[in-house]
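Here are the chains, one letter per residue:
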Amino acid sequence: MNRQTLFLGCVIPLRFPGIEVAARFVFRELQIDCVELEGYSCCPEPVVLGIADHVLPVAVSARNLSLAEQAGADLIVLCNGCFESLAEAEAALRHDDRLRTSVSGILAGVGRRYDGKVLIRHFIEFLYEEVGLERIRRSLKAPMEMAVAVHYGCHLFRETGGADTLRKPQMFRELIEAAGARLVDSGLEQLCCGFPITQLDKPQALRERLGPKVRALGSTQAEALIFCCPACLNQFESGQGELKGLGIDAGPYPCVHLLELLALAMGMKPSALHLENRLGATKEFAECFWE
Amino acid sequence: MAIDPIVALLGQRLSRENLRTELDGRRLTIELEATEIVPAIAALLAAGPVRFVTLAAMDAGGDIDLLYTLEVDRRLVTLRAAIAKEASRVQSVIDLLPAAEMGEKEAAELFGIEFVGLTRQEKLILPDNWPADKPPLRQPLTGDVFPQARLPVENLLRDATSVRVAPSSLARREAAGLPKQPAIASADAQSMQEFVELVKRTGFDRRAGYDWSKRKLRYK
């Protein structure tokens, strides 16, 4: 097996450093030797840039994959969007001869090559398949005994090679339960958070995506929402505060990344996550519940 | 793979290691800076017979592309240069290739390019009273990037990230006990240089109309 390398993306290290702190803690607790990918760039962002250009996103992803391949490393990806960008670029390079020739030429021009030897895994897959639920349960010091709801994030459904699109969402659910939490469902878990629409029409995104999701949570006893995508987490955390202005009286709910949940369950001090830098209910949740 | 002799010659004369080229059978396209067109043609003429075939202009959004097509050693060679609309000025090649005069006049009239050294100003295509500041085939300056993608594109090309690398973000990292700079390309000059070169090789910066010196798109 190759070395494991964390692909942090942009949003986690620059907007949610607490998730990076949690990731490093969780992997250390699980005795998984991870290094960072040095000199990487944005994955790049899978929705808007994919529309803006056909070659650029694949070339940028291929450079990231080349960095990992040169380091003899496989990638553990901490963000749904990054996973989709990298996995789709990898698949495109494998199946589209013309694109591969074009991108290989671009890479060669900067002294790089990519031979398709990097295994790209979402951190959920890695924790579930490589580490296993039992080992995670054994690592817990303070199981998170609370009712939580899950938001999968659209890109978590992305699979290459014809695999079951519900594979990773199911793993996500089982990992939350392995952390000791009780899952409650609203029925709208699979609905998009609205983040991509926000870039086009924010009120519509809030009214037709985030609003219905948060309203549906009112029928559950959820004390927090669990995410595995920093963009979705950001959409919920910042967007919930704006729902009242649109006449949607629901929430707000604290927003917690799965790695933060696991880190806390494994004994990390809540203060180490610096949730005081987060918004609204997440901040209050940290102060009232964990401190 | 052996380097194409024409590309090698121009690379040497222009002191360029990585000329961007496209080869399609016997047809070779070489991308040059606008200032390199005259020395490139001079270099080809000094090396052997060259026949001027045509000069075509095309509105590429942010630039006017000029495509000088030549026959060199029984091959069709196109020298392609992007003339920024903000400047719209390039050196004439008629001292080297007199037959290019018609093409330069056409590009001047229809696309508003000023060819420095093109002295005969009589109109070729347009009526004499056509206003000089309204070249009919020239569109307003724009680029390929639609409005909603402009911020992510500027972030990506400036910092190699999807979000801005703000001092407050770096301070929060430090406060959380993390290295101040994440291991992203923009934190390392060599990695960033490689990233920029990669983007340039995709041609996206040109299509998008990105100004590397101002680190933003040339249009809003």
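Here, every reference points to the structure presented above.
Reading the values: rules and limits
Residues numbered from 1 in each chain as written. Chains lettered and ligands numbered in written order. Predicted model: local features only at pLDDT ≥ 70, side-chain atom pairs only at ≥ 80, totals over all residues. Helix = DSSP H or I, 4+ residues; strand = E, 2+ residues; numbered from the N terminus. Rg over C-alpha atoms; globule rule 2.2 N^0.38 Å. Buried ≥ 20, exposed ≤ 12 C-beta atoms within 10 Å, placed from the backbone. Contact = placed C-beta atoms within 7 Å. Nonpolar A, V, L, I, M, F, W, Y, C, P; charged D, E, K, R; others polar. Arc of directions from axis to C-beta. Pairing = 2+ DSSP bridges. Axes fitted to C-alpha atoms, helices over the stretch in contact; angles between N-to-C directions.

Enquirer: Could you clarify how one ought to interpret the overall build of chain A in this entry?
Expert: For chain A, the count of helices and strands is 14 helices and eight strands. Relative to the globule expectation of 19 Å for 291 residues, the C-alpha radius of gyration of chain A, 19 Å, shows essentially globular dimensions. Taken along its principal axes, the extent of the C-alpha atoms in chain A is 55 × 45 × 35 Å. In chain A, buried positions account for 53% of the 291 residues. Summarising the internal contacts of chain A: among those between residues at least 6 apart in sequence, 80% fall at separations of at least 24.

Enquirer: What is the right way to look at the interface of chain B and chain A in this model?
Expert: Interfaces are often sized by the accessible area lost when the parts come together. Counting from both sides, the interface comprises 35 residues of chain B and, opposite them, 35 residues of chain A. Taken together, the elements giving at least two residues each to the side of chain B that touches chain A come down to α4 (150-159), α5 (167-175) and α6 (189-202) of chain B. It is α6(B) that provides the largest number of residues to the side of chain B that touches chain A, a total of eight residues. A class-by-class count of the residues in the side of chain B that touches chain A yields 20 nonpolar, eight polar and seven charged.

Enquirer: How should helix α2 (residues 37-47) of chain B be read in this particular structure?
Expert: Owing to its 3.6 residues per turn, the α-helix aligns residues three or four sequence positions apart on the same side. Residues and elements named next belong to chain B. All of the buried residues in α2 are I37, A40, I41 and L44. Along the axis of α2, the buried positions cluster into a sector of 95°, meaning they face one direction only. The elements touched by buried residues of α2 are α1 (5-13), β2 (27-32), β3 (50-59), β4 (63-72), β5 (75-84) and β6 (89-91).

Enquirer: Whenever I open this one, the sheet that holds strand β3 (residues 73-77) of chain A confuses me. Can you help?
Expert: The strands that make up a sheet pair up through hydrogen bonds in the backbone, lying either parallel or antiparallel. All names here are of chain A. Ordered in space as β2-β1-β3-β4, the four strands form an open sheet in which the pairing is parallel. Whereas interior strands pair on both sides, the edge strands pair on one side only; in this sheet they are β2 (34-36) and β4 (120-122). Strand after strand, the sheet turns through a mean of 35° between neighbouring axes, direction not considered. Alignment of strand β1 (residues 3-7) against β3, held across five bridges, turns out to be parallel. The residue of β3 that forms the bridge with R3 is A73.

Enquirer: Explanation requested: the pairing of β2(B) in the structure shown.
Expert: Each regular strand carries side chains that alternate between the two faces of the sheet. Residue and element names in this part refer to chain B. One ladder, built from five bridges, connects strand β1 (residues 20-24) with β2; its direction is antiparallel. Looking at β2, one finds that E22 is bridged to T29. Where β1 folds back onto β2 in an antiparallel hairpin, the turn is made up of two residues, including G25, whose phi is positive at roughly 65°. One ladder, built from six bridges, connects β2 with β5; its direction is parallel. Counted as the bridge partner of L32 is A81 from β5.

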